[in-house]
Amino acid sequence: QVQLVESGGGLVQPGGSLNLSCVVSGISLASNAIGWFRLPPGKEREVVSCMSVNGDSSYYSDAVKGRFTLSRDNAKNTAYLQMNTLLLEDTGVYKCAADPKLFMFGRCLPGIQTSWGRGTQVTVSS
């Protein structure tokens with residue numbers, strides 16, 4: 001059974017940092033592209049960042065570019081999202097996803113075969 005479990009969310013002030021983790025089980029992270037998405041309150045799902053299977057290329061949305069960093073540790077079957085200089089508009093439920101075809105043509109393309117975590121809440125508030 002494939003499972004993705006996110007952690008590391010919480011309440012942080014604007015300008016603060018959080019480091020999210022996504023522990024993957026049931027599949028080998030080394031054989032999958034990995035991505036982070038978020039669901040802001042009252043809005044549709046947004047792409048945050050994705051990384052190719054071999055880790056040699058990645059995508060960041062304009063909203064987070066320069067502030068967030070996606071990384072992966074295949075030995076630990078874990079992906080991370082380091083979030084710095086957080087803004088109010090970064091508030092939302094952050095979900096990780098894994099899929100061999102998630103990162104294609106330089107874009108994040110989740111599909112019916114994509115495995116998802118349940119998410120972790122990030123709240124940026126003063």
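Structure: see above.
Quick caveat, the model's predicted, so the values are computed rather than measured.

Colleague: Quick rundown of unusual backbone geometry? Include the residues and the values.
Modeller: The phi dihedral of Asn77 is positive, around 55 degrees, even though this residue is not glycine. The residue Asn77 is located in the loop between strand S7 (68-73) and strand S8 (78-83) in this model. Residue Asn77 is classed as buried on the basis of its relative accessible area, which comes to 15%. One non-glycine residue, Thr85, adopts positive backbone phi at about 45 degrees. Along the chain, the position of Thr85 falls in the loop between S8 and strand S9 (92-99). Judged by relative accessible area, Thr85 falls into the partly exposed class, the value being 43%.

Colleague: Just give me the short version of the pairing of strand S4 (residues 33-39), but keep the residues and values in it.
Modeller: Counting buried positions over the seven residues of S4 gives six, a clear majority of the element. Of the pairings in the sheet, the one linking S4 to S9 comprises seven bridges and is antiparallel in character. When the sheet's bridge partners are listed, Ala33 is paired in S9 with Asp99. The antiparallel pairing of S4 with strand S5 (residues 46-51) creates a hairpin that spans six residues between the two strands, and Gly42 there sits at a positive phi of about 75 degrees.

Colleague: So what's going on with the side chain of Asn32? Residues and values would help.
Modeller: Position of Asn32 relative to the elements: it lies in the loop between strand S3 (18-25) and S4. Engagement of the side chain of Asn32 in a polar contact is seen with the backbone oxygen of Ser28, the distance being 2.9 Å. At 3.4 Å, the side chain of Asn32 and the backbone nitrogen of Asp99 are in polar contact. Among residues more than four places away in sequence, those in contact with Asn32 are Ile27, Val53, Arg72, Ala98, Asp99 and Pro100.

Colleague: Could you give me a rundown of the packing of aromatic side chains, with the residues and numbers involved?
Modeller: By the definition in use, this model includes one aromatic pair. Over the face of the ring belonging to Phe37 we find Arg45, whose NZ or CZ atom lies 5.5 Å from the ring centre.

Analysis parameters
Numbering of residues starts from 1 in each chain and follows the order in which that chain's sequence is written. Totals for whole chains, interfaces and linings use every residue, but because this is a predicted model, local features are given only for residues with pLDDT of at least 70 and side-chain atom pairs only at 80 or more, for both listing and counting. Side-chain calculation: all heavy atoms of the structure are included, whereas hydrogens and water are not. A helix here means a DSSP run of H or I that spans at least four residues, while a strand means a run of E at least two residues long, and both kinds are numbered starting from the N terminus. Summary of the burial criterion: residues with accessible area below 20% of their type's maximum are buried, those above 50% are exposed, and those between are partly exposed, where the area comes from a 1.4 Å probe applied to protein chains only. Two strands make a pair as long as DSSP finds a minimum of two bridges between them. Think of a polar contact as two N or O atoms within 3.5 Å of one another; within protein, one of them needs to be a possible hydrogen donor and the other a possible acceptor, and neighboring residues in sequence only count if both atoms come from side chains. The contact criterion used is simple: two residues touch if any of their non-hydrogen atoms lie within 4.5 Å. What counts as a ring pair is set by centres within 6.5 Å for rings of Phe, Tyr and Trp (its six-membered ring), and what kind of pair is set by the plane angle: stacked under 30 degrees, edge-to-face over 60, tilted for all other angles. Any Lys NZ or Arg CZ that is within 6 Å of a ring centre and within 35 degrees of that ring's normal is treated as a charge sitting over the ring.

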